[in-house]
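What the coordinates show
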Amino acid sequence: MDRRLFIATAAAALTFSSGAFARTLKPYRGPEITRIVIYKERRKLYLLNHEDVVKSFKIGLGGNPIGPKRFEGDGKTPEGSYVIDRRNPNSSYHLSLGISYPNDQDRAYAESFGRRPGGDIFIHGRAGENRGKGKDWTAGCIAVRDRQIERIYTMVQDGTQVDIFP
């Protein structure tokens, strides 16, 4: 069994609870997602198989989205190249995929100002109570609708490249 099919099958078996209901994720059987590209200004997230767009989603960002994330608490969403480095099926935000922010350059920049770069940047859902907060309400994460993060969660593997542009 190839890795992609194994992960899709394992994801399909994953059942999670959110509020008063439980849901089983449907397996993803499409082309491998090799890269995630996010354009902050466009408020779009693209899932790619090499150079082909497989799926796109509207997104919400940090409450202060213009410019790159530099310091903990600045409300900005990072810009740069990262990878998906963890997943949380029990996220407070429905489901979440961790982004490897901060990288070495992010840390060095913050340290040069005697500050911390922050962390815990995720692609995640809205988790019900965050509906209606507007488009840019996170502390720096990338937010999609709950049904969309369910799909993204099954499509994307740990280690997938994430490129975030202004």
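Look a little higher up for the structure.
Counting starts from 1 at the beginning of each chain's written sequence and moves along it residue by residue. Local features are withheld for residues below a pLDDT of 70 in this predicted model, meaning they are given only at 70 or higher, and side-chain atom pairs are given and counted only at 80 or more; totals for whole chains, interfaces and linings count all residues. For the side-chain quantities, the full set of heavy atoms in the structure was used; hydrogens and water were omitted.

A few points about the nonpolar core
Just so we agree on the cut-off: Definition of nonpolar core: a set of buried residues of the types Ala, Val, Leu, Ile, Met, Phe, Trp, Tyr and Cys, connected through side-chain atoms within 4.5 Å. Each residue's exposure class comes from its accessible area (1.4 Å probe, protein chains only) as a fraction of the maximum for that residue type: buried when under 20%, exposed when over 50%, partly exposed otherwise. Numbering of helices and strands starts at the N terminus; helices are DSSP runs of H or I of at least 4 residues and strands are runs of E of at least 2. Any two residues having at least one pair of non-hydrogen atoms within 4.5 Å are treated as being in contact.
Core analysis: the largest hydrophobic core is formed by 27 residues, its most contacted members being I36, L45, L47, I99, I142, I152 and V156. Ranked by the residues each element gives to this core, the list is headed by helix α3 (residues 146-155), at four residues. When sequence neighbours within four positions are dropped, the list of residues in contact with I36 reads L45, Y46, L47, I84, I123, V156, T160, Q161, V162 and D163.

Examining the environment of T34
Stated formally: We define a polar contact as two N or O atoms separated by no more than 3.5 Å, with the added condition that, inside protein, one atom must be a possible hydrogen donor and the other a possible acceptor, whereas residues neighbouring each other in sequence contribute only through side-chain atom pairs.
Relative to the elements of secondary structure, T34 occurs in the loop between β2 (21-24) and β3 (35-39). Placed 128 residues apart in sequence, T34 and V162 show a C-alpha to C-alpha distance of 9.2 Å. Contacts of T34, omitting those with residues within four sequence positions, involve L48, N49, H50, T160 and Q161. Within the structure, the side chain of T34 is placed 2.6 Å from the backbone nitrogen of H50, a separation counted as a polar contact.

Quick notes on helix α2 (residues 104-112)
The residue sitting at the N-terminus of α2 and contributing the capping side-chain oxygen is N103; that oxygen lies 3.1 Å from the backbone nitrogen of Q105. Just past α2, the residue G114 takes up positive phi, approximately 70°.

Some remarks on the sheet that holds strand β10 (residues 161-165)
The following threshold applies: A pair of strands is considered paired only if DSSP assigns at least 2 bridges between the two. Axis lines are fitted through C-alpha atoms, for helices just across the contact stretch, and the angle between N-to-C directions can take any value from 0 to 180 degrees.
With mixed pairing, eight strands are arranged side by side in an open sheet as β5-β4-β3-β10-β6-β7-β8-β9. Every interior strand has two partners, whereas the edge strands, β5 (52-58) and β9 (142-143), have only one. Where strand β6 (residues 80-88) and β10 come together, four bridges link them in antiparallel fashion. The partner of S81 across the bridge, within β10, is D163. Together, β4 (44-49), β5, β6, β7 (96-99) and β8 (121-124) form the strand contacts of α3, whose direction differs from that of β5 by roughly 150°.

Functional significance is not addressed by these values, which are geometric in nature.
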